[in-house]
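Reading the structure
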Amino acid sequence: MKNTQKLMKSKTVLRLLTVPILALAFNCAENDLSDENLLVSPNVTISSTNAQTIQAENFDGMKGIQTESTSDSGGGSNVGWIDSGDYLEYSLTVPASGSYKFEFRVASKSNASKFDFYQGNTKLSNVNKAATGGYQSWVTTSKTVNLSAGTSTLKLLATGGGWNINWIKITPVSVSQTTVSDNLALGKTAEQSSNYSSSAGLPGLAVDGNTSGAWSQGSVTHTSNSSSPWWQVRLGDDYTIGDIVIWNRTDSCCSSRLNNFDVFVYNDAGTQVYKTTITSTPNPSVTISTGGVTGSRVRIKLKGTNALSLAEVQVFSGESDGGGTTNPPTGNASIPSDLMSNCNQWKITYPDGEEDKTLCGEANNEYFFVNSAKNGMVFRAPIRSNNGTTPNSDYVRSELRERTEDGKSDIYWTTDGTHVVYVKQAITHLPIEKNHLVATQIHGDKAAGIDDAMVLRLEGSNLFLSFNGNKLRSDVTVKSNYSLGTVHEVIFEVKNGKHYCYYSEDGDLRSKYLNGTASSYLVKDGSNSVLMDIDYDQSYFKIGNYTQSNAEEEGSSTGNSNNYGEVVVYDFFVDHN
């Protein structure tokens, strides 16, 4: 049983070396940890294609915790007796950089499960999950973050006490298929305009394979404080260059030095073939897609006067992952739930008015199915005389509505805090007569006059944001000449009542948003990026296809096999904090 205070628990810090020891367990009780009776956890290598689960008790290092038997499904042990300041550490190898979904299985009686989690010294995100009512009443909470390739320490640092954790599940979401071995800069000749000292901050530290931005770990470059300092790497030959990833120093004193800088690519003849300017500070990294230029030297140069420090510079071969409007790569999904990170978290309403809350393992049907490329979920709403609708609507839909993570009930949130929905999609077909369709929306309190608070709406070729049909504010144009089938990314973000929208067709929005460098994708009303500032509750996100027509609107075209609205969704997530 979980107690409200710790029983005979030492507050010593334990750090285990990753060595080939099978076990050091000598008649130990599960909740009696000491230096003499610890199970040594091996390094965990996560997959760039499949989910990987880490049992919480298989830590490499910890402070202050104990373990106990769990009644959660699967049995085994969970970690408990957690106070603020306690931590768990796991040796983690990430084969490819990209965004990964972290799911944490937690339980607590009366306190929230509160902790920050880190990769090395880089804080990835925080968790603040409300009490579940019991120390063995388990729920799963999730966050999607960016991980960098390589071996590092995953650390969970408690910011509150009185909670348990059973396991951590890591699922790749949007991961570059370029691996560490494809880094053209690794180990190559590096130079910089000046050296901070003869023994520290040398240029080769930015091509040593270590992305840690902490100066104390000895893998950060440093020039002297000077005008327009630069750093460069020579690749040795001309290569087709896709992405350049620049990792910043992460010490609080100095990370802001890296901003307003140019990135150049030169070919073997010394001709500049690419240049871009980065005005923001990488936190901790920024990915630059060159579009596939041919070059042999990459240079980074500050515009002002300062010291230039870099943790790592990676130069990957080949063309950019998602650059431009190219379609996502072919997948291997067979049913829609194969493309959903949590199929319990969503329900769907079909054009005949039926609602389905059991999407896990659900077979393809004519309204909701996997496309021929096996990489997208198709939401189709044909216009027929026997269509049904949802209450208070005259139109048809094949649309997901978010629910709680465990799928037990519909979710409703207020505009306090931060709420995000991300969708990568393409609107592929419109009705014949009334060619209007909504794809992605925030739904609010209808009784308060909010209803469709902010939606992405296409009418013909005009793609725009609508705010409850002009009742909350006027429309905002996103793109006046949208072509059907164009793959795009959209993010709706609500921060304490302030509504923002991001839009992109270059394939980079998700990674840049997670890196904190997506401001250039903000949809603005004039110069204002806050599109609406209003508080309300009874809120939830919807994803898919809400076709704005019906049999009456379509008239004689009703029942035509070519009369339907359609959206293909390739990727999506929601996040509430």
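Residues numbered from 1 in each chain as written. Predicted model: local features only at pLDDT ≥ 70, side-chain atom pairs only at ≥ 80, totals over all residues. Heavy atoms only, no water.

1. Concerning the nonpolar core
By size, the foremost hydrophobic cluster in this structure holds 53 residues, and its most contacted members are L400, I427, I442, L465, F492 and F572. Here this core takes six residues from strand β36 (residues 564-576), the largest share from any one element. The residues touching L465, leaving out its near neighbours within four places in the chain, are V455, L456, D475, V476, V478, F492, C501, V523 and L531. Ranked by size, the runner-up nonpolar core spans 29 residues in total, among them A56, M62, L88 and Y90. (Core = buried A, V, L, I, M, F, W, Y, C linked by side-chain atoms within 4.5 Å. Buried < 20%, exposed > 50% of the residue type's maximum accessible area, 1.4 Å probe, protein only. Helix = DSSP H or I, 4+ residues; strand = E, 2+ residues; numbered from the N terminus. Contact = heavy atoms within 4.5 Å.)

2. Let's talk about the confidence of the model for the protein
This prediction gives the protein a mean pLDDT of 85; 87% of its residues lie at or above 70. When the criterion is pLDDT under 50, residues 177-181 qualifies, and its contacts beyond four places in sequence or with other chains add up to nine contacts. The low-confidence segment residues 319-326, where pLDDT is below 50, has 18 contacts with residues more than four positions distant or belonging to other chains. (pLDDT = per-residue confidence, 0-100.)

3. Regarding the state of the cysteines
Taken as a whole and judged by the stated rule, the model has two disulfides. The residue that forms a disulfide with C253 is C254, at a sulfur-sulfur distance of 2.2 Å. Handedness here is read from the sign of the S-S torsion; for C253 and C254, about -90°, the answer is left-handed. Judged by relative accessible area, C254 falls into the buried class, the value being 6%. What connects to what in the protein, once the bonded cysteines are numbered by sequence position, is 1-2, 3-4. (Disulfide = S-S within 2.5 Å.)

4. Structural notes on the pattern of salt bridges
Under the definition given, this model contains 19 salt bridges. Measuring nitrogen to oxygen at the nearest pair gives 4.0 Å for the salt bridge that ties K357 to E355. For E399, the salt bridge is made with R397, and the minimal N-O distance between the two is 2.7 Å. This pair shows no difference in class: E399 is buried, exactly as R397 is. Connected through salt bridges with shared partners, the residues K347, E355, K357, R403 and D410 form a single ionic network. (Salt bridge = Lys/Arg side-chain N within 4 Å of Asp/Glu carboxyl O.)

5. Comments concerning the packing of aromatic side chains
Considering all chains together, one arrives at 14 aromatic pairs under this definition. Considering the side-chain rings of F102 and F104, the 6.0 Å spacing of their centres and the 25° angle between planes classify their relative orientation as stacked. A relative accessible area of 0% places F104 in the buried class. One aromatic cluster is present, built from ring pairs that chain together F102, F104, F115, F117 and W163. The ring of Y266 is capped by R297, whose NZ or CZ atom sits 4.2 Å from the centre of that ring. Residue placement shows R473 over the ring face of F467; its charged tip is 5.3 Å from the ring centre. (Phe/Tyr/Trp six-rings, centres within 6.5 Å; stacked < 30°, edge-to-face > 60°. Lys NZ or Arg CZ within 6 Å of the ring centre and 35° of its normal.)

6. Description of the sheet that holds strand β32 (residues 488-495)
In space, the seven strands of this open sheet follow the order β24-β25-β36-β27-β32-β33-β34, with antiparallel pairing throughout. Strands with a single pairing partner mark the edges of an open sheet, and in this sheet they are β24 (368-370) and β34 (532-533). Two strands pair when backbone bridges link them, and strand β27 (residues 418-429) and β36 are joined in this way by 10 bridges, in the antiparallel orientation. Across the sheet, residue I427 finds its bridge partner in β36, namely V567. (Pairing = 2+ DSSP bridges.)

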